[in-house]
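Descriptive structure summary
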Amino acid sequence: ACAPVETHMDKTAAALLSLSLLLLAPIPSAHADEPTTSAPAESLAKGDREFLEKALRAGLAEERQAGVALDKAQRKDVRDYAYMLSKDHGSDNAALRALAQKKNATAITDAGKADADALKRLREEPLNTFDTAYIKACIKTHEDALALYKSAARDVSDADIQAFAARTVPVLEKHLENAKAILKQ
């Protein structure tokens, strides 16, 4: 009897199953040590609530786009990058949802129409151009996210939200640097 041959699709399916199990498992937050010296939830400023909403939408979009890249990327470095984004943004999204709940702010669970459109474009991108299109999209979204988080780290009034944003900036900078390096290859 012949042994079954493992195909690329078998490996992809196994990777996606492992990733989905990882994302469903409780993840200890890297932001568990957030200060608790902020204003009560009922006095959360409009700008602070807006940051939470925008940050959650952006993080969810990154996580979903990374899922598409895990399935479609042809290059190993692009798949590895997508895995890193999925893991990092998954953890940050969990921490953001917990922070939003703590602040009685709406915990966004849908990234919105812009994300749906971007996902559709990525899914329809031909395989021979997918990796470049995905990395270029990541550069744009991380530039936008960095501006959002840097602004929040400087301007929001809630100490917990400000600390979260400040701690997340270096992670986003690393993501952006990695994407630019991949694009140059």
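What counts as what
Residues numbered from 1 in each chain as written. Predicted model: local features only at pLDDT ≥ 70, side-chain atom pairs only at ≥ 80, totals over all residues. Heavy atoms only, no water. Phe/Tyr/Trp six-rings, centres within 6.5 Å; stacked < 30°, edge-to-face > 60°. Helix = DSSP H or I, 4+ residues; strand = E, 2+ residues; numbered from the N terminus. Buried < 20%, exposed > 50% of the residue type's maximum accessible area, 1.4 Å probe, protein only.

**What to know about the packing of aromatic side chains**
Considering all chains together, one arrives at four aromatic pairs under this definition. Taken together, a centroid distance of 5.0 Å and an interplanar angle of 85° make the contact between Phe 51 and Tyr 149 edge-to-face. A residue pair is termed long-range when its members are at least 10 positions apart, and Phe 51 in helix H2 (residues 46-72) and Tyr 149 in helix H5 (residues 127-155) qualify at 98 residues. Take Phe 51: its relative accessible area is 3%, and that puts it in the buried class. On the accessibility criterion, Tyr 149 (5% relative accessible area) is buried. For the pair Tyr 149 and Phe 164, a centre-to-centre distance of 6.3 Å together with 40° between the ring planes defines the contact as tilted. Taken together, the residues Tyr 149 in helix H5 and Phe 164 in helix H6 (residues 159-184) connect sequence positions 15 residues apart. In this structure, Tyr 149 and Phe 164 share a single accessibility class: buried.

**Points about unusual backbone geometry**
With phi around 55°, Asn 104 is a residue other than glycine that occupies positive phi space. Note on placement: Asn 104 falls in the loop between helix H3 (76-102) and helix H4 (113-124). For Asn 104, a relative accessible area of 58% gives the class exposed.

Bear in mind that shape data such as this cannot, by itself, settle questions of function.
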